[in-house]
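Overview (structure and organization)
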Amino acid sequence: MSETWKALKPYALITPQTLVFLMFLVFPILMIGVVSFWEFNGYSMTPAFTLDNYQGILTDVTLKTYLNTFKFLGLTWLATLLIGYPVAYFLAFHVPKLEWQILLFLVCTIPFWTSNIIRMISWVPLLGREGLVNQGLMGIGLTQEPLQFLLFSDFAVVLGMVHLYIIFMIAPIFNSLMRIERSLVTAAEDLGASGFQTFREVILPLSAPGIAIGSIFIVTLIMGEFVTVRLMGGGQSASVGKLIQTQIGSLQYPLAAANAMVLLAVTMLIIISILRVLDIRKEL
Amino acid sequence: MQDIQTEPVLIAEAIPADLQAEAKGVSLRDVTKKYGSFVAVQNITLDIPAGSYTCLLGPSGCGKTTTMRMIAGHEDISAGDIYIGDTRINGLPATQRNTAMMFQNYALFPHKTVWDNVDFGLKMRGLSIDQRRKRVGEMLEIVGLTQFSDRKPAQLSGGQQQRVALARALVTRPQVLMLDEPLSALDESLRVKTRGELRKLQRQFGMTFLQVTHNQDEAYSLSDQIVVMDHGRVDQVGTPAEIFSRPLSKFVARFTGDNNIFAGTVTSAVQDTHGQFIQLDVPDLGTLLCLGDYAQVGSEAACCIRADLMQIKSLDEAEKSACGPATNRVTARITAVEFTGYVTRVSLVLERGGIEVLYKARTPDWITTPFTEGQVVVLDWAATDCVFLPH
């Protein structure tokens, strides 16, 4: 008895999480999968196996929405990588003390200290028609008319997403940079590599797993995003997440379920292709 | 020291012409390194002859690695000048110094194959692909790693990794090769074998090797010249034999071998054909006679006797053999006997003064003696074996 208990004890540690996982993730996804094949007549749904819902969402609108979501993803990914990598590099290589690294890293998480909605709304006086930015630009004579695209536009959506999610790119890259032995950099210099060559030949390849993990975070977060799209897009911008949310709002559950399944598949495909290109096993 | 290059050099196999480098000497003139108010290296003046194998020997924190990193260009020089050959290299970037360094934990690029690791320096220097192929191929042949060229460092044993690191440094044809504790990551048996290979390789290439080590056996077996360092200063420079048998300071005597050290005051110094016979008054113990170059009467100094150069005798035996005028004699009690293989280490406490001393016997000799722990014995040693330590 005690022998069996000893063998089982480690599993007891993970049982609660496994149950939560099964009940609130795996089971709902299976449910959505099932519902996506149910019959729907606009008013009620009946258990069945039909592909009507999938055919129903195969429209130009859905395609456009996906393309728009990919645009958000591509722009946000590029911006978080180009802005986040230097930050991670600075933290890892130019901040000498661990305490300072941790402190400055926490500074990067400040966007999470206030609620999403309040932060977005507080941008209105900054980016709006009469906002600070527009007044400033007109004040120094750079523009005559207020710039419309600053708020409630695709630009604003990407701005919001970059601002909100960049920490998910910085953190894994910082982690992988911290794992690079400093003597490798010295060795590269000793062997005649310039600063740029050292970066290209040593630092970048060794931080690639961090880039991969950061990219996976960004993909999963952006592909299902609807809050930022709704708040910052002001009804002008579309994304798959927002489409699904609209369908749920109008009680078109089977359609929303079918959409959700497609979204899941597309997201998985992107992640698999990232893993194909970049090996993250070293980081695990 | 100056005749290193005229010594017969054993060349077992020819080194290809495009791997041979011109060996240059290194000179340091009053070199100092400060980190804020902390002085890591203080006014070092030192000559490392071209084509020699020199070891910087000392405990951790003695400044030996900092000194090497300043020569390699990985550390700024706070004051003083460093020359490689006739060229002053202060402030020159590491790349332009014609030096190469082999790092303590090898610092191999984990994402690159053995071939690409060795090729790295040549690639960065922009050599043609044909030259690179030829030289890397020849280099891997020399270190015996040709069949491993497609492996990643993690797929190699420690000894193989060590050889990749060596090949990566040598292939750039440095005028001075620096080795930072190159053997410390290897296990004992491999270390002794690799030591021999390093020495052979240095002879074959005729290159200047400068190695940092904290292990005196390593320094003894590898070096033409040993530089003993302590607290950021050079304590003594000499051949392994000189350092071993004629230490000049208490630190060197303590660090480089099993020496028994006695501190005291110089009471007389008499010139002799061998040097000066110096009488040292050791508190609570009495007068010891030792041999030195020069001593000032009345100054504080010390002397040392190697643990294997003393004779151990029973009290009866000692009574029978009279103590000559040039012999030191003390009585001591055996506190511990430690068998370490060929050598048996015997710890004793002097009856007068309570000083702890060490006596080393060949085990075959020791097992024929009747001495046991707790026994009081006599230790005799000749004044000519007793080395005067001025500081």
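Let us look at the structure shown here. Bear in mind the structure is a predicted one, so any value in this text is a computation, not a measurement.

Structural notes on the overall build of chain B
Summing up its helical and strand segments, chain B has 10 helices and 20 strands in all. Counting across all 391 residues of chain B, residues that qualify as buried make up 50%. In chain B, of all internal contacts separated by at least 6 residues, the share reaching a separation of at least 24 is 65%. As displayed, chain B has an accessible area near 17500 Å², and 48% of this comes from carbon and sulfur atoms. Counting 39 positive and 45 negative side-chain charges, chain B places the averaged centre of each group 7 Å from the other.

Comments concerning the overall build of chain A
Within chain A, the secondary structure is distributed over 13 helices and 2 strands. The C-alpha extent of chain A, read off along each of the three principal axes, is 80 × 70 × 35 Å. The burial tally for chain A puts 40% of its 284 residues in the buried class. Counting contacts in chain A only where the partners sit at least 6 residues apart, residues at least 24 apart contribute 70% of the total. Split by element, the accessible area of chain A, about 16300 Å² in all, is 73% carbon and sulfur. For chain A, the distance from the average position of its 15 positive side-chain charges to the average position of its 15 negative side-chain charges is 4 Å.

Comments concerning the packing of helix α4 (residues 158-170) of chain B against helix α5 (residues 188-205) of chain B
Residue and element names in this part refer to chain B. Between α4 and α5, whose axes approach to 12 Å, the crossing angle comes to 20°. The angle between α4 and α5 falls in the class roughly parallel. Crossing hand, α4 versus α5: right-handed. Contacts between α4 and α5 involve Gly159, Gln162, Arg163, Leu166 and Leu170 from the first element and Leu190, Thr194, Glu197, Leu198, Leu201 and Phe205 from the second. A class-by-class count of the residues in the contact of α4 with α5 yields 6 nonpolar, 3 polar and 2 charged.

Let's talk about the interface of chain B and chain A
Facing the 22 residues of chain B at the interface are 15 residues of chain A. Note on chain B versus chain A: buried area summed over both sides is about 1600 Å², and carbon and sulfur give 65% of it. Linking chain B with chain A are 2 salt bridges. The partner of B:Lys123 in a salt bridge is A:Glu201, with the nearest N and O atoms 3.3 Å apart. For the pair chain B and chain A, the interface holds 6 residue pairs in polar contact (both at pLDDT 80 or more). The set of elements that each furnish at least two residues to the side of chain B that touches chain A consists of α1 (64-72), β6 (99-102) and α2 (114-124) of chain B.

Remarks on the pairing of strand β1 (residues 26-35) of chain B
Residue and element names in this part refer to chain B. The pairing of β1 with strand β4 (residues 79-84) spans 5 bridges and is antiparallel. Bridged to threonine 32 within β4 is alanine 79. Inspection of the sheet shows β1 paired to strand β2 (residues 38-48) by 7 bridges, in the antiparallel sense. Of the residues in β2, the one forming a bridge with serine 27 is aspartate 47. Remark: 2 residues form the turn of the hairpin made by β1 and β2, two consecutive strands paired antiparallel; glycine 36 in that turn has positive phi of roughly 60°.

Let's talk about the sheet that holds strand β3 (residues 53-57) of chain B
All names here are of chain B. Taken in spatial order, the 6 strands line up as β6-β7-β8-β3-β9-β10 in an open sheet, and their pairing is mixed. A strand with exactly one partner marks an edge of an open sheet, and here the two such strands are β6 and β10 (233-238). The sheet shows a mean angle of 20° between the axes of neighbouring strands, taken without regard to direction. In the sheet, β3 pairs with strand β8 (residues 208-213) via 5 bridges, with the strands oriented parallel. The partner of threonine 54 across the bridge, within β8, is leucine 210. Against the sheet, α4 makes contact with β6, β7 (176-180) and β8, and its axis sits at roughly 170° relative to β6, the strand it touches most.

So, the environment of B:Ala326
Residues and elements named next belong to chain B. Of note, alanine 326 is situated in the loop between α9 (315-320) and β16 (327-339). Given a relative accessible area of 36%, alanine 326 falls into the partly exposed group. It is 5.3 Å that separates the C-alpha atoms of alanine 326 and alanine 383, two residues lying 57 residues apart in sequence. Setting aside residues up to four positions removed in sequence, alanine 326 forms contacts with Leu289, Trp381, Ala382 and Ala383.

The rules behind each value
Residues numbered from 1 in each chain as written. Chains lettered and ligands numbered in written order. Predicted model: local features only at pLDDT ≥ 70, side-chain atom pairs only at ≥ 80, totals over all residues. Heavy atoms only, no water. Helix = DSSP H or I, 4+ residues; strand = E, 2+ residues; numbered from the N terminus. Buried < 20%, exposed > 50% of the residue type's maximum accessible area, 1.4 Å probe, protein only. Contact = heavy atoms within 4.5 Å. Areas by Shrake-Rupley, 256 points an atom, 1.4 Å probe, with all protein chains shown as cover. Lys, Arg positive; Asp, Glu negative; His and termini not counted. Charge placed at Lys NZ, Arg CZ, Asp CG, Glu CD. Axes fitted to C-alpha atoms, helices over the stretch in contact; angles between N-to-C directions. Parallel < 35°, antiparallel > 145°, perpendicular 65-115°, else oblique. Left-handed = near helix turned anticlockwise from the far one by under 90°. Nonpolar A, V, L, I, M, F, W, Y, C, P; charged D, E, K, R; others polar. Buried area = accessible area lost by both parts, 1.4 Å probe. Salt bridge = Lys/Arg side-chain N within 4 Å of Asp/Glu carboxyl O. Polar contact = N/O pair within 3.5 Å; in protein donor to acceptor, adjacent residues only side chain to side chain. Pairing = 2+ DSSP bridges.

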